[in-house]
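Single-letter residue listing:
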Amino acid sequence: MGRVKRALCQYRPNRDARVRLFCFPHAGGGAAIFTELANILVANGFDVCCVELPGRDNRFSEPAIDNIREMAAFAAEVVSILDDLPYTILGYSMGASIERRSSY
């Protein structure tokens with residue numbers, strides 16, 4: 001569970017949110033690419049959760065997941081711990097492949 005919780009980056013948590021957006025970055029990218037988008041969406045009723053995958057950006061010292069199926073399983077686990085709101089998922093490039101494989 002700790003590994004999954006470390007994956008979540010909420011730059012501006014929104015306790016009044018009506019919907020949650022999970023953002024998955026491109027290959028080798030980190031959650032920081034979604035900072036500006038998060039700022040805009042939080043002001044419009046979203047709670048934005050950027051996902052930092054192991055082996056990337058701030059989690060570079062952790063072993064990377066290099067199998068798309070394992071990444072999809074990890075992504076599904078991340079989403080499942082914050083399922084108290086309706087949510088949608090945004091994936092950028094490889095993040096879209098992860099999102100497509102992890103959607104349930």
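Below is a short write-up of the structure.

1. As for the overall build of the protein
Each helix and strand in the protein was counted, giving four helices and four strands. Along the chain direction, N to C, the helices and strands of the protein fall in the order α-β-β-α-β-α-β-α. In the protein, buried positions account for 45% of the 104 residues. Of the accessible surface of the protein, which amounts to about 5,800 Å², a share of 50% is contributed by carbon and sulfur atoms.

2. Remarks on the pairing of strand β2 (residues 19–24)
Counting buried positions along β2 gives five out of six residues, so the element sits mostly inside the fold. For β2 and strand β3 (residues 46–51), the ladder comprises five bridges, and the chain directions are parallel. Note on β3: the bridge partner recorded for R20 is D47. Chirality of the crossover, the property in question, places the unit of β2, helix α2 (residues 35–42) and β3 among those that are right-handed. Where β2 and strand β4 (residues 87–91) come together, five bridges link them in parallel fashion. In the strand pairing of β4, C23 is matched with L90.

3. Concerning the pattern of salt bridges
A complete count under the given rule lists four salt bridges for this structure. Residue R6 pairs with E62 through a salt bridge whose shortest N-O separation is 3.4 Å. Remark: E62 occurs in the loop between β3 and α3 (68–80) and R6 occurs in helix α1 (residues 2–6); sequence separation between them is 56 residues. Classification of R6 as partly exposed rests on a relative accessible area of 47%. Among the residues examined, E62 registers a relative accessible area of 18% and is labelled buried.

4. Points about the side chain of E52
Looking at the secondary structure, you find E52 in the loop between β3 and α3. Summary of buried charges: E52 has no salt-bridge partner, and the nearest side chain of opposite charge, R59, is 7.1 Å away. A polar contact is formed between the side chain of E52 and the backbone nitrogen of A31, at a distance of 2.8 Å. When residues no more than four places from it in sequence are discounted, the contact partners of E52 are A7, C9, G30, A31, D57, N58 and R59.

5. Notes on the packing of aromatic side chains
For any pair of aromatic rings, geometry is given as the distance between the ring centres together with the angle between the planes. Scanning all chains against the criterion turns up one aromatic pair. For the ring pair F22 and Y87, a centre distance of 5.6 Å and an interplane angle of 85° mean the geometry is edge-to-face. Taken together, the residues F22 in strand β2 and Y87 in strand β4 connect sequence positions 65 residues apart. The class for Y87 is partly exposed, based on a relative accessible area of 33%.

About the cut-offs
Residue numbers restart at each chain and count upward from 1, following the sequence in its written direction. Reporting of local features is limited, given that this is a predicted model, to residues whose pLDDT is at least 70; pairs of side-chain atoms are given and counted only at 80 or more, and all residues count toward the totals for whole chains, interfaces and linings. Excluded from the side-chain calculation are hydrogens and water; included are all heavy atoms of the structure. The secondary structure listing takes helices from DSSP runs of H or I that are at least 4 residues long and strands from runs of E that are at least 2 residues long, numbered from the N terminus. Exposure is judged per residue with a 1.4 Å probe applied to protein chains only, and the accessible area is read against the type maximum: over 50% gives exposed, under 20% gives buried, and values in between give partly exposed. Using the Shrake-Rupley algorithm and a 1.4 Å probe, accessible areas are obtained, with residue cover drawn only from the displayed protein chains. Here, a strand pair is defined by DSSP locating no fewer than two bridges between the strands. Think of it like this: strands point away, you trace from the first strand over the helix to the second, and a clockwise trace means the crossover is right-handed. Salt bridge criterion: a side-chain nitrogen from Lys or Arg within 4 Å of a carboxyl oxygen from Asp or Glu. Note that His is not counted, nor are the chain ends; the positive residues are Lys and Arg, and the negative ones are Asp and Glu. Whenever a nitrogen or oxygen atom comes within 3.5 Å of another N or O atom, the pair is scored as a polar contact, on the condition that within protein one atom can donate a hydrogen and the other can accept it, and that pairs from neighbouring residues in sequence are kept only if both atoms are in side chains. Throughout, a contact is declared for two residues whenever any of their heavy atoms are within 4.5 Å. Stacked, edge-to-face and tilted labels apply to pairs of Phe, Tyr and Trp rings (six-membered ring for Trp) whose centres lie within 6.5 Å, assigned for plane angles under 30 degrees, over 60, and everything in between, in that order.

By themselves these figures say nothing about function.
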